[in-house]
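Summary of structural features
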Amino acid sequence: MASDARSRPGAGLGWNRETATLALLSFAMFTVSLDQYIVVVALPDIAHDLGYSARTLQSVISAYAVASAGFLLFGGRAADLLGRRRVLATGLALYAGAAFVGAFATGPPMLLAARAVQGLGGALVFPTTLALINVTFAEGGPRNRALGIWGGAGAAGLVIGVLLGGVLTHAFGWEAVFLVNVALAVPALLLAFVLIPRDRPRDRERGFDLPGALSVTLGVTLIVFALVQGPELGWLSPGTLGSAAAGLILLGVFARVERRSADPLVPPRLLANRNLVTSVFIAFLFMATFGSVLYFLSLYFQEVLGYDALRSGAGFLVPTAVVVAGSTTAGRMVTRFGLRHTLLGALAMGALGAVLLGMAITPDGTYASLVPGLVALSIGDGIVFTGMFIAAGTGVADRDQGIASGIASTGAGMGAAVGLAVLVLVATAGLDGLAGEALRNRTAHGISTTLYVVAAGIALTFLVVFFRRGGGTEPCPAGPTPLPAGGRRC
């Protein structure tokens, strides 16, 4: 959207169009976030119908995670160069089409291919929605409020995914968790052509940096594959070590290509933006900690407390409500109290919540005993999710918003893979050879220990934010005056 349109939100259809666009982008964000966990509670039924073994079942989750994390930078750059409406529509079409195929999968290979293409679609949608919000709303109060709504939708999607997955699996079978994505993505795809302005002609002076895009995409994909499959294949297995080594080599190639490129995939000016760099660290640690808790809570509900899919999903009603409330108010809190203070308060609350959850998770625990920890952790979750993406777009020129969003979301994707890989090792330590009540007790102990590790990770995030001060680390309280060089003046 043109910069003059966003400076006059009350002119003509400006305000209505901006509001409708925000609703669409938030809905698209909700849709792709939903899929990260909606499949979790359906896994036992998928395994039974399609013939997955206990060893291969996790690949249903990892196929999406690997493809999504690997293509986020590509998606962000494509949005800047090829057109944001075009990339958003392509991503939604891939996402919906793959979900439809997944619902009718007849075996593991077909389902895994569908999940991978879904991840690719999500990797195009995620950074593009963030970039569109950042170029539609002026930096400061208007953008903070818009990102609060967008972030609330994304954070809600993560939690509602588990709830909705339980309801749909119980009522209609596992196929419904895929078909619901079709029902959500298709209307969003159609509305994108109505609400988002036509893309401008491509700037032929800006190159795509294909060698850089290919090397970083393959490099990140291979590293994430090694991380998510390491617990299953073995950390010292040829597949894990080979993937990790090849990924690191490709990232080295990417760094070399970027130094020599006339129009690099990641412009050096972005790496000089303290807000963006900090947001990458926060996004990585956020997904490694907050972002992993839902997985372990689902295991606790089903493996220890004996909940079925429906009851497990219902267990996420409380955190859903709190996460949405935290995310939607985060933008106003950042405008009023500043980004740094808002993040520090939210991280402190989140760390406390993780400790309380760790104490409450026992073999004979009750849902009521979990509620204080769930509430505190979810408050921190919602606020930090929005805050870290406010930081990612602060001080970034419109022409770079797509790649900046891709950088931040790649940090989040990598954090999700690393966090889950490490925490699965913690949670499953000592389970070999156990069965029955002994297995149940040890599972509860492992999940409890995992929550304490999560609390330590959140505390580390707190320290990162605490010591990253000064040097323009706060967004403007109101819309800035753009500078020709891409800087800003508050």
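Look up a bit, the structure's there.
As the structure is a computational prediction, the values presented were derived from the model and not from experiment.

On to the overall build of the chain. Within the chain, the secondary structure is distributed over 18 helices and 2 strands. Taking the principal axes of the C-alpha coordinates as reference, the chain spans close to 65 × 45 × 40 Å. For the chain, buried positions account for 57% of its 490 residues. Taking the intrachain contacts of the chain between residues at least 6 apart in sequence as the baseline, contacts between residues at least 24 apart amount to 83%. Split by element, the accessible area of the chain, about 19000 Å² in all, is 69% carbon and sulfur. Side-chain charges of the chain comprise 32 positive and 24 negative groups, with the mean position of each set lying 11 Å from the other.

So, on to the packing of aromatic side chains. Across all of its chains, the model carries 17 aromatic pairs by this definition. Measuring from centroid to centroid gives 5.1 Å for phenylalanine 286 and phenylalanine 290, while their planes differ by 25 degrees, and the two rings are stacked. Taken together, the residues span about one helical turn, with phenylalanine 286 and phenylalanine 290 both in helix H12 (residues 274–304) at a distance of 4 residues. You can call phenylalanine 290 buried: its relative accessible area is 4%. Measuring from ring centre to ring centre gives 6.4 Å for tyrosine 300 and phenylalanine 301, while their planes differ by 45 degrees; the resulting arrangement is tilted. Neither residue differs from the other here; tyrosine 300 and phenylalanine 301 are each classed as buried. Ring pairs connect the aromatic residues Phe126, Trp150, Phe286, Phe290, Phe385 and Phe389, which therefore count as one cluster.

Below, the discussion takes up the packing of helix H14 (residues 317–337) against helix H15 (residues 339–360). Working note: a packed helix pair is described by the angle between its axes plus the distance between those axes. One way to put it is that H14 packs onto H15 with a least axis distance of 7 Å and a crossing angle of 125 degrees. Between H14 and H15, the angle falls in the class oblique. Taken together, the residues of H15 that come into contact with H14 (itself represented by Met333, Val334 and Phe337) are Leu339, His341 and Thr342. Grouping the amino acids of the contact of H14 with H15 by side-chain chemistry returns 4 nonpolar, 2 polar and no charged.

This part is about the side chain of threonine 410. The residue threonine 410 is located in helix H17 (residues 401–428) in this model. Under the relative-accessibility criterion, threonine 410 is labelled buried at 9%. For threonine 410, the side chain forms a polar contact with the main-chain nitrogen of leucine 73, separated by 3.4 Å. What threonine 410 contacts, discounting residues up to four positions off in sequence, is Ala69, Leu72 and Leu73.

Cut-offs and rules
Residues numbered from 1 in each chain as written. Predicted model: local features only at pLDDT ≥ 70, side-chain atom pairs only at ≥ 80, totals over all residues. Heavy atoms only, no water. Helix = DSSP H or I, 4+ residues; strand = E, 2+ residues; numbered from the N terminus. Buried < 20%, exposed > 50% of the residue type's maximum accessible area, 1.4 Å probe, protein only. Contact = heavy atoms within 4.5 Å. Areas by Shrake-Rupley, 256 points an atom, 1.4 Å probe, with all protein chains shown as cover. Lys, Arg positive; Asp, Glu negative; His and termini not counted. Charge placed at Lys NZ, Arg CZ, Asp CG, Glu CD. Phe/Tyr/Trp six-rings, centres within 6.5 Å; stacked < 30°, edge-to-face > 60°. Axes fitted to C-alpha atoms, helices over the stretch in contact; angles between N-to-C directions. Parallel < 35°, antiparallel > 145°, perpendicular 65-115°, else oblique. Nonpolar A, V, L, I, M, F, W, Y, C, P; charged D, E, K, R; others polar. Polar contact = N/O pair within 3.5 Å; in protein donor to acceptor, adjacent residues only side chain to side chain.

None of this, on its own, says anything about what the molecule does.
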